[in-house]
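As a plain string of letters, each chain reads:
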Amino acid sequence: MANTAHTTPWEQVSSAIAYWNSLSRLSEIWWTRSAGKESVDAVRHRRFNALLRFARNRSPFHREAYGGLPERDVDPREVPVITKPALMARFDDWVTDPEINLAGVTTFIADRQHIGERYLGRYVVWKSSGSTGEPGIYVQDGNALATFDALMAVHLDRVRLAAQSWDMLARGGRAALVAATGDHFASIASWQRVCQSSPWIAARGFSIMDPLPRIVAELNDYQPVFLAGYPTMLALLAEEQEAGRLRIEPLRLWSGGECLVPGAGAAIERAFGCPLTNEYGASECLSIAFGCREGWLHINADWVLLEPVDRDYAPTPLGEASHTVLLSNLANRVQPIIHRVQPIIRYDVGDSIIAKPEPCACGNPLPAIQVEGRRDEVLSMRAPDGRLIRLLPLALTTIVEEAAHVHRFQIIQTAADRLMLRFEPVGNDDRHAVWHAAAGALRDYLAQQSLPNVHVGLDKHSPLTDRRSGKLREVVVAMERSSVFGASHRH
Ligand SMILES: [Zn+2]
């Protein structure tokens, strides 16, 4: 049953095999969870140790890192923590399939023609800068992705999507994703899979790079019954819906890819009059947890080990905000044929989380958390005619990353018509080239958004990390009287 069709287009490969895989995983997930917490814990422990053995056998990087560990089953806390820079620096030793190498993957990604195709005929590839600002490249096989599809299906079933699907079908069954389309982002890969495993859905992507009025007009034409996007994008669309400019009647909403700010979910649901499913994921593990109606995220605890820890990687008590969180992705160790391409074991994700001490009122027995992840701000900028134009943080950061190939930077709004850019120190020549590329791309983008008047300036300071969390926020509003950075910089 292995997927060996190398040249078959994505659509044809996935429709039959991935759907079948999803169904078979589905029954296993149900079985494990219905048997209770002890069963989930036992399964997780067994899978953790199986993954550890696999990584030691197949990944030279992990063989070295775990040289001091005993051969017997271990408690996860005995296992060394691993960071993204350490893994990316030794990419070719990290991967467990010797055919995969960084040079090959990079070439594959560089060609936009390959979006939706499979690297070496069998791997889905995407890149991400993640919450630490370090670039990462991720390779997953189709079987691993089927597990995520199954998790999504379990959740959607819980909220009775199945009961609504006839209604969706009757209304054309159209689904819309508003995302950073046209690139190898995890959200796009997820989206394609979700749509393909739901044969009754017709799907279309909309780009967050487009001006908001255009997105609104296109959605009005398209009339989706299922709307998915980043939380900040859905929040903007919710404002448009409330203002009467957006006029759609979705039956379900899905958000992911960013943190959902408390209260934002309820406002989005109110505006559209239908439920929102929020998913917490990372490039290293697409589906870590799903949101519930009580505002908590429930961990897929049979597939994911999540350990909230302090700066020294000691466990954080329940109910307290952690400094970071260690992720072990156990998702594709379920069948012996599956290749765990990039083992993720006690991996420092960088998000601060709070684990709920008491059971969740929603009744879901899986452990509940809240995430204090990357929360960049939506900007409001003044157009020449006096209108306020909202800009999505993710659109701005994507433009800078793509144009200047930098990953440690900060965009600061210092006035209604002024943006300042900060970069991590680089050589003088590089600095000039980076600034030139980033500023040019930003000015083009602003002009497209009816903001040709906005001044883009260079701030010679290095990006400032947040005082409390120690993390870098890439998009910051620091207008006069703001306490975030003190007085704005003038040149
Ligand atoms: Zn709950």
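Residue numbering note: each chain is counted from 1, following its sequence as written. Note on the predicted model: pLDDT of at least 70 is required for a residue's local features to be given, and 80 or more for side-chain atom pairs to be given and counted; whole-chain, interface and lining totals, by contrast, use all residues. To obtain the side-chain values, all non-hydrogen atoms of the structure were used and water was disregarded.

Novice: Explain the sheet that holds strand S17 (residues 409-415) residue by residue, including any values.
Specialist: With respect to topology, four strands assemble into an open sheet ordered S19-S18-S17-S20, the strand pairing being mixed. Edge strands, defined here as strands with exactly one partner in the open sheet, are strand S19 (455-458) and strand S20 (475-477). Along the sheet, successive strands turn relative to each other by an average axial angle of 25 degrees, direction set aside. Should DSSP find at least two bridges between two strands, the strands are regarded as paired. Counting from the N terminus, the helices are DSSP H or I runs at least four residues long and the strands are E runs at least two residues long. Inspection of the sheet shows S17 paired to strand S18 (residues 418-423) by six bridges, in the antiparallel sense. When the bridges of S18 are listed, Ala415 appears paired with Arg418. Contacts are assigned to residue pairs that have any heavy atoms within 4.5 Å of one another. The angle between two axes is taken between their N-to-C directions and runs from 0 to 180 degrees, where each axis is a line fitted to C-alpha atoms and a helix contributes only its stretch in contact. On the sheet, helix H13 (residues 393-404) packs against S17, S18 and S20 and is oriented at approximately 125 degrees with respect to S17.

Novice: So what's going on with the sheet that holds strand S12 (residues 347-348)? Which residues, and what values?
Specialist: Overall, antiparallel pairing links the three strands, which are arranged S10-S11-S12 in an open sheet. Strands at the two margins of the open sheet, each flanked by one partner only, are strand S10 (304-309) and S12. Bridge count for S10 against strand S11 (residues 324-329) is six bridges, and the pairing is antiparallel. Its bridge partner lying in S11, Pro308 is registered against Val325.

Novice: So what's going on with the confidence of the model for the protein? Residues and values would help.
Specialist: Summing up the model confidence of the protein, the mean pLDDT is 77 and the portion of residues at 70 or higher is 71%. By definition, pLDDT measures how confident the predictor is in each residue, and it falls between 0 and 100. A low-confidence stretch, residues 155-163 stays under pLDDT 50, and its non-local contacts, those more than four residues away or across chains, total 14 contacts.

Novice: So what's going on with the packing of helix H11 (residues 231-242) against helix H12 (residues 264-272)? Residues and values would help.
Specialist: The N-to-C vectors of H11 and H12 enclose an angle of 40 degrees; their axes lie 9 Å apart at closest approach. Viewed along their axes, H11 and H12 adopt a mutual orientation that is oblique. Note that H11 runs across H12; the crossing there is left-handed. Across from Pro231, Leu234, Ala235, Leu237, Ala238, Gln241 and Glu242 in H11, the residues of H12 making contact are Ile268, Ala271 and Phe272. Geometric relationships in this document are graded by angle, where less than 35 degrees denotes roughly parallel, more than 145 denotes roughly antiparallel, 65 to 115 denotes roughly perpendicular, and other angles denote oblique. Here is the rule for handedness: rotate from the far helix to the near one, and if that takes an anticlockwise turn smaller than a right angle the crossing is left-handed, while a clockwise turn gives right-handed.

Novice: Describe in detail the coordination of the zinc ion, supporting the description with residues and values.
Specialist: Ligating atoms shown are N, O and S within 2.8 Å of the metal, or 3.2 Å for Na, K and Ca, and water is not included, meaning a site may look less than complete. Taken together, the protein donors to the zinc ion comprise Cys292 (SG), His298 (NE2), Cys360 (SG) and Cys362 (SG), at separations of 2.1 to 2.3 Å. Geometry is assigned from donor-metal-donor angles: four donors are tetrahedral when every angle falls between 85 and 135 degrees, four are square planar and six octahedral when opposite donors sit over 155 degrees apart with all other angles between 65 and 115, and any other arrangement is irregular. Each of the four donor atoms bound to the zinc ion contributes to angles spanning 97 to 116 degrees, and the resulting shape is tetrahedral. Mapped onto the sequence, the residues coordinating the zinc ion show the spacing C-x5-H-x61-C-x1-C. The exposure classification of Cys360 matches that of Cys362, with both residues buried. Burial classes: relative accessible area under 20% of the type maximum marks a residue as buried, over 50% as exposed, and values in between as partly exposed (1.4 Å probe, protein chains only).

Novice: Which residues make up the pattern of salt bridges, and what values go with them?
Specialist: Two side chains bearing opposite charge may form a pair once their charged atoms approach each other closely. A pairing counts as a salt bridge when a side-chain nitrogen of Lys or Arg comes within 4 Å of a carboxyl oxygen of Asp or Glu. Applying the stated criterion to the full structure yields 16 salt bridges. Taking the shortest distance from any N to any O, the salt bridge between Glu307 and Arg346 comes out at 2.9 Å. With Glu307 in strand S10 and Arg346 in the loop between S11 and S12, the pair connects residues that are 39 residues apart, well separated along the chain. Taking the relative accessible area as the measure of exposure, Glu307 reaches 12% and is therefore buried. Overall, the relative accessible area of 5% leaves Arg346 in the buried class. With a closest N to O distance of 3.0 Å, Arg387 and Asp385 form a salt bridge. On the accessibility criterion, Arg387 (41% relative accessible area) is partly exposed. Among the residues examined, Asp385 registers a relative accessible area of 54% and is labelled exposed. Each member of the salt-bridge network shares a partner with another, and the members are Glu64, Arg90 and Asp93.

Novice: Please set out the environment of Gly256 residue by residue, giving values where relevant.
Specialist: As for its placement among the helices and strands, Gly256 is situated in the loop between strand S6 (252-255) and H12. In this structure, Gly256 is in contact with Gly229, Tyr230, Pro231, Asn278 and Glu279, ignoring residues within four places of it in sequence.

Novice: Account for the pairing of S11, with residues named and values stated.
Specialist: Regular strands show a simple pattern: their side chains alternate between the two faces of the sheet. Most of S11 sits inside the fold, with six of its six residues counted as buried. Here S11 shows no split at all, with Thr324, Leu326 and Ser328 on one side and Val325, Leu327 and Asn329 on the other all buried. Where S11 meets S12, two bridges bridge the pair, whose relative direction is antiparallel. Among the inter-strand pairings, Leu326 is bridged to a residue of S12, identified as Asp348.

Novice: How would you sum up unusual backbone geometry? Please name residues and give values.
Specialist: At Gln223, a position not held by glycine, the phi torsion is positive, near 50 degrees. Along the chain, Gln223 falls in the loop between helix H10 (212-222) and strand S5 (226-229).

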